[in-house]
Amino acid sequence: MSGDLEARLGVERDGFVLDLPIEIPAGRTVALLGPNGAGKSTAVASLAGLLPLDRGRVRLGERVLDEPAAGLFVPPEERNIGVVFQDYLLFPHMNVAANIAFGLGGRGLTRTEIDSRVASWAERLDISDLLNRRPADLSGGQAQRVALARALVTDPDLLLLDEPLAALDTSTRNRLRRALSDHLAGFDGPRLLITHDPTEAFLLADEIHLVENGRLTQSGTAEEIRLRPRTRYAADLVGSNLLEGQASRGTVRAGRGTLSVADSEAEGPVLLSIHPRAVALHLSRPEGSPRNAWASTVTRVEDHGDRVRVGLGEPLELVAEVTPAAVAELSLSPGSAVWVSIKATEIGLEPV
Amino acid sequence: MTAAERTRSNRRRPPITLVLPAVVGAALFVVPLVGLLVRAPWASLGEILTAGIVADALRLSAISSLAATAVSALIGVPLAWVLARTEFPGKSLLRGVVMLPLVLPPVVGGAALLFALGRRGFVGEPLERLTGFVMPFSMWGVILAATFVSMPFLVITVEGALSGLDPRYEGAAATLGAGRLTVFRRVTLPMIAPSLVSGLLLTWARALGEFGATVTFAGNLRGRTQTLPLAVFVALESDRDAAVAISLVMVAVSLAVLVLLRDRWRQVS
């Protein structure tokens, strides 16, 4: 029976302050999403025990792992936390089998038991034919699966994934993201995903924590953050309109509307991304009748200085980003009627 | 020859102002070696090297240089680890002191050892009073002198390798349940193995060639402290053939070490 994670991470280093509450129930995935330098990797290091806390507390299940005020610190080797590191950090002098078996040493297991556990995880992750290879001879995707096997074979109480897909090229990343999602579902402890990619957070996590400058600036589901970003960063990154839909012959049904898209090949469930700046607003039906145009209602208007974010209601909940001048010109305020248009080529589409 | 062809062949030829000094520079190393080779008593080489005085020196050099290398490995690798991975006040100064034998005249090193560990030295005197153990003018003195001058090569090589090793690998090993010693043994050491081997080879070669500190601290007693370099020095006065024969052995060993190191370096890069 796996326990939940409850932590308040307080770390101070070279003028940088991390002060981050994290709670993850067993069987759930939380994504820490933030720009580079936000303190995401520091959070991983402090949870793993590689960086002791200055303040706060880490509790995993029944065990308190770090609590400076109580003089308590459990070293990394006694925490039983599985970590998939950003560039995987496979031991270059060992083959794949030895890498996976590394964490099983010193646990009173026989050679046969170790071998069979390595073999069974290798099979689950489809890397059985790579066991004799050196890490240098693996592709990025293969290395990622080996790293995952190495972290999971010890049956950890918490799984930390530090940018597990960042080292891969785009097409591999899309393919492995789905596989990773399945593997995560098979792990019943709490899972923490570190990422700077909102799509990744949206697809892999149950809940997203936004981290900026060492602090939690917003948390909630992808939908909540998308519709109500609280900071400029959130608006820029997560505020991009991400919508689930069903594709069929060049159109996608999403919300209660249907959109034309440039990609006529896609079929089945897809994830649409539409940048708020690509959503154009008009007082009346736009001239030249672009295929994606419909009437909607403004739900809210948020002033972010040189840009204004406009929330749009039925039939398709979207966020548009316009200039303050446009807001004045269209006299936009909550409740006002507006026409919306989006060029088909501005709609990003990824199969899920 | 057309003008264009002339220009091309000229460009291919390196400038004489660089080649001439380079030839002189190379000659500086080649000529003495040739001197040894032409003077070598090839016919009686085997006989000389197995005769009394040379055989004694060979045995003593082999034992003392290998012992110095082993001692360096046992205490020099941990020292390198401490210098690379811990912070404490006076660390830079300590590193400087450890590296000192690299630039210090070995005779001065030998004298310093004598003042500290000699029979009237501040460590040597109580040591003799308490245990009866006398370090200088013994085989132990030879090993200590060789360790003193050669260990810095190991420390500097291993420390460099440890500093260049991404500490996150050790962190990854720790998250997999490995304690600090296991991490050192299974991750750190294997990952710096090429540098460790290079360092040990350099250390051994330096220990084998040690002269100044040895003669000052351990003396020149045939069969007890007279190593190969000391034997060469003595033989130059009495038996030139022996001096040349021993020198050839040392040149061969040193050259072999350099060739091995080159292969190592290529493997690493």
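Preceding block: the structure.
Just so we're clear, the structure is a prediction, and the values are computed from it rather than from any experiment.

**Q** Let's hear about the overall build of chain B: which residues, and what values?
**A** A count of helical and extended segments in chain B gives 14 helices and 0 strands. Mapped in sequence order, the helices and strands of chain B form the string α-α-α-α-α-α-α-α-α-α-α-α-α-α. Its C-alpha atoms give chain B a radius of gyration of 23 Å, more than 25% over the compact-globule value 18 Å for 269 residues. Counting only C-alpha atoms and orienting by the principal axes, one finds that chain B spans roughly 85 × 60 × 30 Å. In chain B, 74% of the contacts between residues at least 6 apart in sequence involve partners at least 24 apart. Accessible surface for chain B amounts to roughly 14900 Å². Of this, 70% is attributable to carbon and sulfur atoms. Taking the average place of the 24 positive charges on the side chains of chain B and the average place of its 14 negative ones, the gap between the two points comes to 8 Å.

**Q** Describe the pattern of salt bridges, and please don't skip the residues or the numbers.
**A** All names here are of chain B. All chains considered together, the criterion is met by 21 salt bridges over all chains. We note a salt bridge from R39 to D241, for which the minimum N-O separation is 3.1 Å. Here the residue R39 occupies a position in helix α2 (residues 16–39), and D241 occupies one in helix α14 (residues 240–268), the gap between them amounting to 202 residues. What makes R39 partly exposed here is its relative accessible area of 38%. The class for D241 is partly exposed, based on a relative accessible area of 30%.

**Q** Summarise the packing of aromatic side chains; cite the residues concerned and give the values.
**A** Residues and elements named next belong to chain A. If you walk through the whole model with that rule in mind, you get 3 aromatic pairs over all chains. When the ring of F91 is compared with that of F102, the centres are 4.7 Å apart and the planes differ by 50°; the resulting orientation is tilted. Pair noted here: F91 is in the loop between β7 (81–84) and α2 (96–101) and F102 is in the loop between α2 and α3 (111–124), with a separation of 11 residues, a long-range link. Of the two residues examined, F91 and F102, each falls in the buried class. A cation sits over an aromatic face here: R124 above W121, 4.0 Å from the ring centre.

Thresholds applied
- Residues numbered from 1 in each chain as written.
- Chains lettered and ligands numbered in written order.
- Predicted model: local features only at pLDDT ≥ 70, side-chain atom pairs only at ≥ 80, totals over all residues.
- Heavy atoms only, no water.
- Helix = DSSP H or I, 4+ residues; strand = E, 2+ residues; numbered from the N terminus.
- Rg over C-alpha atoms; globule rule 2.2 N^0.38 Å.
- Contact = heavy atoms within 4.5 Å.
- Areas by Shrake-Rupley, 256 points an atom, 1.4 Å probe, with all protein chains shown as cover.
- Lys, Arg positive; Asp, Glu negative; His and termini not counted.
- Charge placed at Lys NZ, Arg CZ, Asp CG, Glu CD.
- Salt bridge = Lys/Arg side-chain N within 4 Å of Asp/Glu carboxyl O.
- Buried < 20%, exposed > 50% of the residue type's maximum accessible area, 1.4 Å probe, protein only.
- Phe/Tyr/Trp six-rings, centres within 6.5 Å; stacked < 30°, edge-to-face > 60°.
- Lys NZ or Arg CZ within 6 Å of the ring centre and 35° of its normal.

Read these as geometric descriptors, not functional statements.
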